[in-house]
Structure formats: C-alpha cells, structure tokens
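Coordinate inspection notes
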Amino acid sequence: MSAAEGAVVFSEEQEALVLKSWAIMKKDSANLGLRFFLKIFEIAPSAKEMFPFLRNSDVPLEKNPKLKTHSVSVFVMTCEAAAQLRKAGKITVRETTLKRLGGTHLKYGVADGHFEVTRFALLETIKEAVPADMWGPEMKNAWGEAYDQLVAAIKQEMKPSA
C-alpha cells in the first residue's frame, strides 16, 4: 500500500492500465456514473436512504436529475484521482474536498461495508465499460488499489468535529 513517508505505491503498469481505461470511459462518464450508482442501489437498496435527495422521491432513479449530477461528479472524481495517483504519489483530491467528503460520509453513517459495495460496483462498472479483452486481473487490481487509496484518504477525514 504505502511506502515510506506516506507516498503511495502505484506501479507504472497500474497507472498505464488506469489511464488507458479512463481514456475510453471519460467520454461516457455521465452514463457510466449513473450506471455505477444504479449498481450500488441494486446491490444495497437501503443505501438510497443515505441520500436526502432520494428519500421520498417518486422520480425513478435513472431519471432523477440530482442523482445524475451526483453520480457523474463522484465517478469522474474517483477516476481522475486514480489517473493521477502515481504521478502525484498521493490522492490529488483537494484537501477541502476530502474534508467535506469525510464529514458528509461521517454524517450519513457510511461504514466499511458501504465502501466495499461501492468498490464492487465501481469495478463492475469499469469491467462493463472497457473492451472485454482489456479487462483482467491486472486492471481490476489497479482500479481496486486506486479506489482503496481514495477511500483511505476519505476515512482519514471521517472524524467527528471537536
């Protein structure tokens, strides 16, 4: 995971796999982001309750404008953070954004199991988005490692305010 002095170990090969697949997915990120979140809710329907804009909403998930906006921003942020991981040696999401993400995830009771479901949904979304001959254990591991690093950075900020 992490090397001395907190630098992230993300190999050149992992970076190449992430960059190559992100280049393919980027142009369809709005659709893929929504598919990513629909997968999360398919696996864990109760997760919808964690999103105030989905509670008591009669709008179908795939048509909910707030979910569409939220899902694309989360998907793009996750993929961009993964794409920059090796070059930067750390998660490149702005510190203020990480603090906000940590606070929001804490407020809504996000736990390890939620991050696991999200990880699975992300990897499945990517697997379906890239050509079949591109997806394999190495790509899965590269994206999984990048996601784990982002989650670790968010968890660092999931502390109740003093």
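Here, the structure is the one placed above.
Here is a short report on the structure shown in this document. Being a predicted model, the structure only gives us computed values, none of them experimental.

Description of the packing of helix α2 (residues 29-43) against helix α5 (residues 112-129)
Interaxial distance between α2 and α5 falls to 9 Å at its minimum, and their mutual angle equals 135 degrees. When the interaxial angle is binned, α2 and α5 end up oblique. As α2 packs across α5, the resulting crossing turns out to be right-handed. Contact residues: α2 offers Leu32, Arg35, Phe36, Lys39, Ile40 and Ile43, while α5 offers Val117, Thr118, Phe120, Ala121, Leu122, Glu124, Thr125, Glu128 and Ala129. Among the residues making up the contact of α2 with α5, the classes are represented as nine nonpolar, two polar and four charged.

Observations concerning the pattern of salt bridges
With the rule as written, the count across this model stands at six salt bridges. Where arginine 35 meets glutamate 128, a salt bridge forms, and the shortest distance between an N and an O atom there is 4.0 Å. Linking arginine 35 in helix α2 with glutamate 128 in helix α5, this pair joins segments that are 93 residues apart in sequence. The shortest N-O distance in the salt bridge between lysine 39 and glutamate 128 comes to 2.9 Å. Taken together, the positions of lysine 39 in helix α2 and glutamate 128 in helix α5 put the pair 89 residues apart, joining distant regions of the chain. Its relative accessible area of 15% is what places lysine 39 among the buried residues. Counted as one network, the salt bridges with shared partners bring together Arg35, Lys39 and Glu128.

Conventions we followed
Residues numbered from 1 in each chain as written. Predicted model: local features only at pLDDT ≥ 70, side-chain atom pairs only at ≥ 80, totals over all residues. Heavy atoms only, no water. Axes fitted to C-alpha atoms, helices over the stretch in contact; angles between N-to-C directions. Helix = DSSP H or I, 4+ residues; strand = E, 2+ residues; numbered from the N terminus. Parallel < 35°, antiparallel > 145°, perpendicular 65-115°, else oblique. Left-handed = near helix turned anticlockwise from the far one by under 90°. Contact = heavy atoms within 4.5 Å. Nonpolar A, V, L, I, M, F, W, Y, C, P; charged D, E, K, R; others polar. Salt bridge = Lys/Arg side-chain N within 4 Å of Asp/Glu carboxyl O. Buried < 20%, exposed > 50% of the residue type's maximum accessible area, 1.4 Å probe, protein only.

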